[in-house]
There are 2 protein chains.
Amino acid sequence: MNPTIKDVAKAAGVSITTVSRVLNQYSDVNPKTRAKVLKVVEQLGYKPNSVARSLVMNRTNTVGLVVSDLSRSRNGHHFMFEVLCGINDRVQELGYDLVLFSTSTTAQKKTPYMDFVRQRRVDGVLMMGIRLDDPYTHEVVAASVPSVLIDVPLTSQTCSYVSTDNIAGARMAIEHLLELGHSRIGFVNGHAQAAVSQERLQGYRMALEAGGIAYDPQLVYYGNFEQEDGAIGTAELRSRFDDLTAVFFASDLMALGALKYVQNLGLRVPENLSIVGFDDIELAALMQPMITTVRQKRYEMGRSAAESLIRILEQQEQGRGIILPPELVVRETTAPHS
Amino acid sequence: MNPTIKDVAKAAGVSITTVSRVLNQYSDVNPKTRAKVLKVVEQLGYKPNSVARSLVMNRTNTVGLVVSDLSRSRNGHHFMFEVLCGINDRVQELGYDLVLFSTSTTAQKKTPYMDFVRQRRVDGVLMMGIRLDDPYTHEVVAASVPSVLIDVPLTSQTCSYVSTDNIAGARMAIEHLLELGHSRIGFVNGHAQAAVSQERLQGYRMALEAGGIAYDPQLVYYGNFEQEDGAIGTAELRSRFDDLTAVFFASDLMALGALKYVQNLGLRVPENLSIVGFDDIELAALMQPMITTVRQKRYEMGRSAAESLIRILEQQEQGRGIILPPELVVRETTAPHS
DNA sequence: CCTATTTCCGAAAACGTTTTCGATAGATTC
DNA sequence: GAATCTATCGAAAACGTTTTCGGAAATAGG
């Protein structure tokens, strides 16, 4: 059906070797024959079969994006979608294809990572949404296949990661609250199996202590990044401390849940409670009041991840950590402590 | 590096033909040798090279998802992400891989559709976010490669589409408004190059006329599905009709933009203006007041699309239209006409 | 025991490329 | 004019599978 290199060779009166040479920009081919071949290629509408090429070159020009529980997490898309866009754009710019896989903790137990990638024949893999205790996490860095992790700070010779500077992000949030005069500041964190949770906790603590306030573990609640966790966490924290005037949330979704919750209680935000979120998802600016938050450059994260992966697999760089700066976006849910 | 079928054959003391046979469930192989081969496969950790298989079988077990302007449209993810999840899940369940492509109207002009798919060697393609006037639209249905379009009602022997019943959806919205006693009902539609816009307009008109109200083109405004279009459209419609009491929007984002806009004007929703959106994106239930809307089964759309595509390419069905029922979700932005 | 039928298995072609190695012819050098 | 060099090209192997075709061994039938 489709013309092959053989058809082109025959029509141009040369060998397939020569056709291959002109298509791959080799220099040792006579300009005249090059022109002739090119003309035939054009006429026949010849397109190289990428499968055949992959087989002989032993690379597919394809990278895999494996995301854990793509469709499970309701919160997922706010964060993931933009990262995905960044990845997709950069991958495409660099001439690769992107194939999407979703996996789950249970699926990971069944199929070892290497089985997975060897069968799929991807040149490299990007991972997102993975937990520290997921089986793949450590298999990935140990494997020889180039990879980059998103929000899991592990590197190896062939494994990069990209993440936001979560420590700085949390510090910015807390310092903002401190400047406003708050001193009893709660923290509704994500689950402990996310690396970002540990980092944000660290930033929370550092900022507090730098402000001369002792760190109190009772002030932090561990949620799961979802909306309801924000409400539950806030309720819990408020029951522990009746002088709570501000809460920092590890996700905008949780901040939003808390906002709705305290508003239902008849409290006013920010007058009675200051709230700071994390991520700067679109929702944050649509709430009433608009949520003060720490912005992550999600699209950039995707681009950087794709870029680094491809540089690794083209042997232009080694695995490294890429940390993007966050940005404090002050909106309407924070006010001076009265 | 990786063991090949040849290694397995040698280690098992059989020919590669036999190995291939046991791996592909052929019946004519002695149970003893089958067991022996299987054991060796296990020991060596042999995984078939899917590229080699693709080459000889002339199919890749891969489907492409091409989406127009993936990262351009800010509104995109609300709708697309869930469809993507549905597609991804179903594709994976059926044993295929999903490769993601984003394209744009300009990119489509450069590369004809068939060039695109022939080079990528996908077995079939799903298209989403494409416009009626995009070059690919008609190339797709004309092509012999199995495909399914999302929200573009065109079919062929090898091309299905899946869509929501937009006529019914719009009717439900308008009937709801009519029941509440509204009679001057505006419609902020999407752009005319979306098939869904035409259908929703038709539903709007049918419901109105069934209610004994003449259709007035002046009551419809064409936006672009984005938030600001909702505000602009509402302003325009209100300037044309000072007795406007309700507006129907072709997307929740536009409804949301309108909601914010009229609230800023000091109007109350739903007391002064009733609003109905479309899609039921997550945002709709988070607004204050919560937006009444027409729900689309996005995840189901994705699943159905994937399912139909694969059935077509496995020759179990022909191209057909798949229309999913919408659902009216009455919330807080609609009230009786006072 | 001889033939006919099954059952089981292997040799080899094929898929469409890239790449190695060498061949040829003309140009250059001395 | 022989030797060397350079530019240009082709034959063939290789990548790892699937599949066709046929052959040998085992079984069945008479």
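Residues numbered from 1 in each chain as written. Chains lettered and ligands numbered in written order. Predicted model: local features only at pLDDT ≥ 70, side-chain atom pairs only at ≥ 80, totals over all residues. Heavy atoms only, no water.

**Q** Could you clarify how one ought to interpret the protein's contact with DNA strand D in this entry?
**A** Among the 27 residues in the neighbourhood of DNA strand D, the closest are listed as Thr-18, Arg-21, Asn-30 and Thr-33 of chain A together with Ile-5 of chain B. The side chain of Ser-20 of chain B places a nitrogen or oxygen atom 2.7 Å from a phosphate oxygen of DNA strand D. Contact distances for DNA strand D include 3.3 Å between a phosphate oxygen and a side-chain N or O atom of Asn-24 of chain B. For the surface near DNA strand D, the secondary-structure elements that each account for two or more residues are α2 (16–23) and α4 (50–57) of chain A together with α2 (16–23) and α4 (50–57) of chain B. (Near = heavy atom within 4 Å. Polar contact = N/O pair within 3.5 Å; in protein donor to acceptor, adjacent residues only side chain to side chain. Helix = DSSP H or I, 4+ residues; strand = E, 2+ residues; numbered from the N terminus.)

**Q** Is there a simple way to explain the layout of surface pockets in this structure?
**A** To find leftover empty space, one rolls a probe the size of a water molecule over the atoms. Of the pockets and cavities examined, the second largest pocket occupies roughly 1200 Å³. In terms of lining residues, the second largest pocket is bounded by 39 residues, among which Asn-2 and Asn-49 of chain A together with Asn-58, Arg-118 and Arg-121 of chain B are the most central. If you list the elements that add at least two residues to the lining of the second largest pocket, you get α1 (5–12), α2 and α4 of chain A together with α4, α7 (113–120) and α13 (298–313) of chain B. The element that contributes the greatest number of residues to the lining of the second largest pocket is α4 of chain A, accounting for 4 residues. A breakdown of the residues in the lining of the second largest pocket according to their chemical character gives 18 nonpolar, 13 polar and 8 charged. (1 Å grid on protein atoms, 1.4 Å probe; cavity = no way out; pocket = protein on both sides within 12 Å on 5 of 7 lines; lining within 4 Å. Points joined across faces, edges and corners; volume = space filled by probe spheres on them. Nonpolar A, V, L, I, M, F, W, Y, C, P; charged D, E, K, R; others polar.)

**Q** For this particular structure, what's the right way to read the protein's contact with DNA strand C?
**A** Every one of the 27 residues lining DNA strand C counts as a neighbour, but Ile-5 of chain A together with Thr-18, Arg-21, Asn-30 and Thr-33 of chain B are closest to it. What you see for DNA strand C is that sugar and phosphate hold 58% of its atoms within 4 Å of the protein. Separating a phosphate oxygen of DNA strand C from a side-chain N or O atom of Arg-53 of chain A is a distance of 2.9 Å. Within the backbone of Asn-30 of chain B, an N or O atom sits 2.7 Å from a phosphate oxygen of DNA strand C. Ranked by the residues each element gives to the surface near DNA strand C, the list is headed by α4 of chain A, at 5 residues.

**Q** Got a minute to help me understand the domain arrangement of chain A in this structure?
**A** Quoted interface sizes are often the accessible area lost when the parts come together. As assigned here, chain A comprises domain 1 (5–48), domain 2 (62–164 + 298–325) and domain 3 (166–296). Of note, the centres of domain 1 of chain A and domain 3 of chain A, computed from C-alpha atoms alone, are 64 Å apart. (Domains from an automatic or database assignment.)

**Q** What's the story with the interface of chain B and chain A in this structure? I'm lost.
**A** Contacts between the two partners involve 46 residues from chain B, matched on the other side by 46 residues from chain A. Summed over both sides, the interface of chain B with chain A buries roughly 4500 Å², with 53% coming from carbon and sulfur. Inspection of the chain B/chain A interface yields 4 salt bridges. For the salt bridge of Lys-47 of chain B with Asp-115 of chain A, the shortest nitrogen-to-oxygen distance reads 3.6 Å. On the surface where chain B and chain A come into contact, there are 18 residue pairs in polar contact (both at pLDDT 80 or more). Looking at the side of chain B that touches chain A, the elements that each hand over two or more residues are α4, α5 (76–93), β2 (97–103), α7 and α12 (252–264) of chain B. (Contact = heavy atoms within 4.5 Å. Buried area = accessible area lost by both parts, 1.4 Å probe. Salt bridge = Lys/Arg side-chain N within 4 Å of Asp/Glu carboxyl O.)

**Q** Just checking my understanding: could you explain the packing of helix α11 (residues 227–240) of chain A against helix α12 (residues 252–264) of chain A for this structure?
**A** Packed helices, taken two at a time, are described by their axes: the angle between them and the distance between them. Residues and elements named next belong to chain A. One way to put it is that α11 packs onto α12 with a least axis distance of 6 Å and a crossing angle of 55°. In this view, α11 runs oblique relative to α12, as classed from their interaxial angle. Here α11 and α12 pass one another in a crossing that is right-handed. Contact residues: Gln-227, Asp-229, Gly-230, Ala-231, Thr-234 and Ala-235 in α11; Leu-253, Met-254, Leu-256, Gly-257, Ala-258, Tyr-261 and Val-262 in α12. Of the residues contributing to the contact of α11 with α12, the split by class is 8 nonpolar, 4 polar and 1 charged. (Axes fitted to C-alpha atoms, helices over the stretch in contact; angles between N-to-C directions. Parallel < 35°, antiparallel > 145°, perpendicular 65-115°, else oblique. Left-handed = near helix turned anticlockwise from the far one by under 90°.)

**Q** Can you walk me through the UniProt feature "domain: HTH lacI-type" (unreviewed entry) in chain A in this structure?
**A** UniProt feature "domain: HTH lacI-type" (unreviewed entry): in the numbering of this structure it lies at residues 3–57 of chain A. Between the C-alpha atoms that bound residues 3–57 of chain A there is a distance of 21 Å. The span itself is 69% helix and 0% strand. (UniProt positions renumbered as here; feature names shortened; annotations may be inferred.)

**Q** Would you mind going over the nonpolar core with me for this structure?
**A** Burial of nonpolar side chains together is a common tendency in soluble globular proteins. Core analysis: the biggest nonpolar cluster contains 92 residues, and Tyr-204 of chain A together with Tyr-204 of chain B have the highest contact counts within it. Beyond its immediate sequence surroundings of up to four residues, Tyr-204 of chain A is in contact with Ala-170, Ile-174, Ile-185, Gly-186, Phe-187, Tyr-215, Leu-219 and Val-220 of chain A. Leu-84 of chain A together with Val-63, Val-67 and Leu-324 of chain B belong to the second largest nonpolar core, which has 56 residues in total. (Core = buried A, V, L, I, M, F, W, Y, C linked by side-chain atoms within 4.5 Å. Buried < 20%, exposed > 50% of the residue type's maximum accessible area, 1.4 Å probe, protein only.)

**Q** Looking at this model, I keep getting lost on the pattern of salt bridges. Mind explaining?
**A** Close approach of charged atoms allows side chains with opposite charge to pair. Scanning the entire structure with this criterion turns up 34 salt bridges over all chains. Where Arg-331 of chain A meets Asp-280 of chain A, a salt bridge forms, and the shortest distance between an N and an O atom there is 2.5 Å. Of this pair, Arg-331 of chain A sits in the segment after β12 (327–329) while Asp-280 of chain A sits in the loop between β9 (274–279) and β10 (292–295), and the two are 51 residues apart along the sequence. The exposure classification of Arg-331 of chain A matches that of Asp-280 of chain A, with both residues buried. Arg-320 of chain B is paired through a salt bridge with Glu-317 of chain B; the nearest N and O atoms lie 3.1 Å apart. Its relative accessible area of 40% is what places Arg-320 of chain B among the partly exposed residues. Judged by relative accessible area, which is 17%, Glu-317 of chain B ranks as buried.

**Q** Where do I start with the sheet that holds β9 of chain A in this structure?
**A** The strands that make up a sheet are held in pairs by hydrogen bonds between backbone atoms, and each pair lies either parallel or antiparallel. Residue and element names in this part refer to chain A. Taken together, 6 strands build an open sheet; the order of strands is β7-β6-β8-β9-β10-β12 and the sheet is mixed. The sheet is open, and its two edges are formed by β7 (220–222) and β12, each paired on a single side. Averaged over neighbouring strand pairs, the angle between their axes works out to 20° when direction is ignored. Examined bridge by bridge, strand β6 (residues 185–189) and β7 share 3 bridges and lie parallel to one another. Bridging across to β7, Asn-189 finds its partner in Tyr-222. (Pairing = 2+ DSSP bridges.)

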